[in-house]
Each structure stands twice: as structure tokens, then as C-alpha cells.
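# Summary of the model geometry
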Amino acid sequence: MRSLRLAIINIKKNFLNARELKSAFIISIIGMFLNNFSFTFLWFYFGKSVGVLNGFAPMDIFGIYAINTTSYGIVCAFLYGLFNIPSYISSGNFDKFLITPKNTLIKVVTSSISTSAFGDLLFGITCFIIFCLSTKISLIGILLVILFIILSTIVFFSFSLICMSISFYLMDGENISNGLYGMFVGSSLYHGGAFTGVLKAIFIFIVPSLLLGAVPIEIINSFSFVKILLFIVLTVFWLVFSIYFFY
């Protein structure tokens, strides 16, 4: 509980510092919102041109981005210190997180925030509203989307932590960390119907990019308790393994 209080204090302090530069704060949020809109716009009209692709309808793009960008926004907006781990290690600044008895991981991930990620978070909420209204999803479906946002946030945090922690193990770890992270995030932004067969399995079980949007929408469209349970198991696995890998 003391570590949790420390995390809240750090996040609040970082947010207040970022908010001091009001113009830059607002512009970064709007800029990221527009950037995400351009991606979604392109994929939506791609879906409109090809129709239903491997079970994914055009409006499912808004569902994918609702889960994806909300998950990304939550982690990056409040726990951006996670992505500074490679630079902390290479510069020798990681030692400062080890000299106090507080939880090391919590201190590191709450050491910084990303103001532009609030734009991702806002965009994710917007996509969530559009998806719910356009598909006339049921209350159970809405609750499932919220559940998957929580699970996908944990998966995104966990695999990002693994990517960044590679720098502990390799001399040129920073470049490798960023490369693996880029592949992980980049693949999650594609149309869900673009992945089939072995490629789909790779991006679910080895690099869990599809857990950030495509797989949740697929489960919502064809409800399955078994798939939901498997998703939860994978989420717990990535969280536990990432923390172990970090320490």
C-alpha cells in the first residue's frame, strides 16, 4: 500500500509538472488524437472497400482502436517511465531507483508520464462510443469491451516491460528493445483480418500484438467462454513473466 501511495504521488507530481506548459500540453493531446484518427480513417475505408475480411467488418476497426489506443493511453499517460528503462540503464541512472527500500518497478514506471498519450486515451474513449453506437452492442458486449480494455492494458504493460528489460541482458539492448517494441505495437494497429494461420498464432502467443484489439473484437463478435478464459490465462502469464524478467 505504501508503494501504491508512492505511485499516486509520483503520477500526480508528473501530471502537474506537465500541465504547467498548457499550450504544449493541449497541442500534444490534439496532435496525437488527429494522428490516431488518420490511421483509423484509412483502415475504416480499407474495410469499406474490401467488405468483411476474415470475420472483421469495417466498423470493427473502431472496436480494435477503442481497446488498443485506450490500453496504450493508460500505460503511457501514467507509467511512461517504463519506456525510459533502456536509457536509464545505458546512462547509469538506474542506480538511483535501487537506493531506497520502495518497490523498484513502481518507482521506475511512475518516474515519467507522456502528455501525448492523453490524446490516445481520449481517442480510445471516442472510438469506444462510436463502436457501441454503430454496432448497437448489448450491455454484455459493452461490459466485455471494458473487460478487454483492462486485460489488454495489462498485456501491453507486461510485454512492453519485457521489451525494455532486454537492456539488462544485452550490451546493445536499447536498440533491440525499441525494435521489438516497435514490432509489437506496429502489428497491433493493423486490420484484424490481415492475420491468419501461423502468422496469427505468432502474434497471439509469441508477440501478443493481437491481444491489444483484434482478438478481443473477434471474441465479442463470436462469444466464447473458453476464449475469454484463455485470454485471462495469457494475461496472467505475461504479467507474471514480465515482472520476473525485470527483476
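Up top is the structure.
Here we summarise the structure given alongside this text. (Residues numbered from 1 in each chain as written. Predicted model: local features only at pLDDT ≥ 70, side-chain atom pairs only at ≥ 80, totals over all residues. Heavy atoms only, no water.)

## Overview of the packing of helix H2 (residues 22-50) against helix H3 (residues 60-78)
Where H2 meets H3, the axes come as close as 10 Å, and the angle between the chain directions of the two elements is 150°. Relative to H3, the element H2 is oriented roughly antiparallel. Read as a crossing pair, H2 and H3 show a hand that is right-handed. Two secondary-structure elements touch here, H2 through Asn36, Phe39, Thr40, Trp43 and Phe44 and H3 through Ile61, Phe62, Tyr65 and Thr69. (Axes fitted to C-alpha atoms, helices over the stretch in contact; angles between N-to-C directions. Helix = DSSP H or I, 4+ residues; strand = E, 2+ residues; numbered from the N terminus. Parallel < 35°, antiparallel > 145°, perpendicular 65-115°, else oblique. Left-handed = near helix turned anticlockwise from the far one by under 90°. Contact = heavy atoms within 4.5 Å.)

## Remarks on the packing of aromatic side chains
How two aromatic rings sit relative to each other is given by the distance of their centres and the angle of their planes. Following the criterion strictly, the structure yields 30 aromatic pairs and no others. Between Tyr72 and Phe156, the ring centres sit 5.4 Å apart and the planes meet at 55°, which makes this aromatic pair tilted. On the criterion of sequence distance, the pair formed by Tyr72 in helix H3 and Phe156 in helix H7 (residues 139-165) is long-range, its members being 84 residues apart. A ring pair is formed by Tyr169 and Phe245, whose centres lie 4.7 Å apart and whose planes are at 25°; its orientation type is stacked. Here Tyr169, found in the loop between H7 and helix H8 (173-188), pairs with Phe245, found in helix H11 (residues 225-246); they are 76 residues apart in sequence, far enough to count as distant. We classify Phe245 as buried; its relative accessible area is 18%. Within the aromatic cluster, the residues linked to one another by ring pairs are Tyr72, Tyr80, Phe83, Phe156, Phe159, Tyr169, Tyr181, Phe184, Phe237, Trp238, Phe241 and Phe245. (Phe/Tyr/Trp six-rings, centres within 6.5 Å; stacked < 30°, edge-to-face > 60°. Buried < 20%, exposed > 50% of the residue type's maximum accessible area, 1.4 Å probe, protein only.)

## Brief notes about the pattern of salt bridges
Under the defined criterion, the tally for this structure stands at 1 salt bridge. Of the charged contacts in the structure, one is a salt bridge between Glu218 and Lys200, with a shortest N-O distance of 2.8 Å. You can see Glu218 sitting in helix H10 (residues 214-221) and its partner Lys200 sitting in helix H9 (residues 197-206), a full 18 residues away along the chain. A relative accessible area of 23% places Glu218 in the partly exposed class. By relative accessible area, which is 23% here, Lys200 ends up partly exposed. (Salt bridge = Lys/Arg side-chain N within 4 Å of Asp/Glu carboxyl O.)

## Topic: the nonpolar core
With 68 residues, the main nonpolar core has Leu82, Phe148 and Phe156 as its most contacted residues. Sort the elements by how many residues they give to this core and H7 lands first, with 13 residues. In contact with Phe156, not counting residues within four places along its chain, are Ser71, Tyr72, Val75, Cys76, Phe83, Tyr181, Phe184, Val185 and Leu212. (Core = buried A, V, L, I, M, F, W, Y, C linked by side-chain atoms within 4.5 Å.)

## Overview of the environment of Leu105
Within the fold, Leu105 resides in helix H5 (residues 104-109). A relative accessible area of 9% means that Leu105 is categorised as buried. Separated by 142 residues in the primary sequence, Leu105 and Tyr247 have C-alpha atoms spaced 8.4 Å apart. Those residues in contact with Leu105 that lie beyond four places of it in its chain are Leu161, Ile243, Phe246 and Tyr247.

## Here's the deal with the environment of Tyr247
Examined against the element boundaries, Tyr247 turns out to sit in the segment after H11. One polar contact links Tyr247 to Asn103, side chain to side chain, over a distance of 3.5 Å. (Polar contact = N/O pair within 3.5 Å; in protein donor to acceptor, adjacent residues only side chain to side chain.)

## As for the state of the cysteines
Every disulfide links exactly two cysteines, by a covalent bond between their sulfur atoms. Taken as a whole, this structure holds 0 disulfides when the rule is applied. The thiol of Cys127 is not disulfide-bonded; the next cysteine sulfur, from Cys132, is found 11 Å away. Here Cys127 falls in the buried class, since its relative accessible area comes to 1%. Cys163 carries a free sulfur, and the closest cysteine sulfur to it, the one in Cys76, is 12 Å from it. (Disulfide = S-S within 2.5 Å.)

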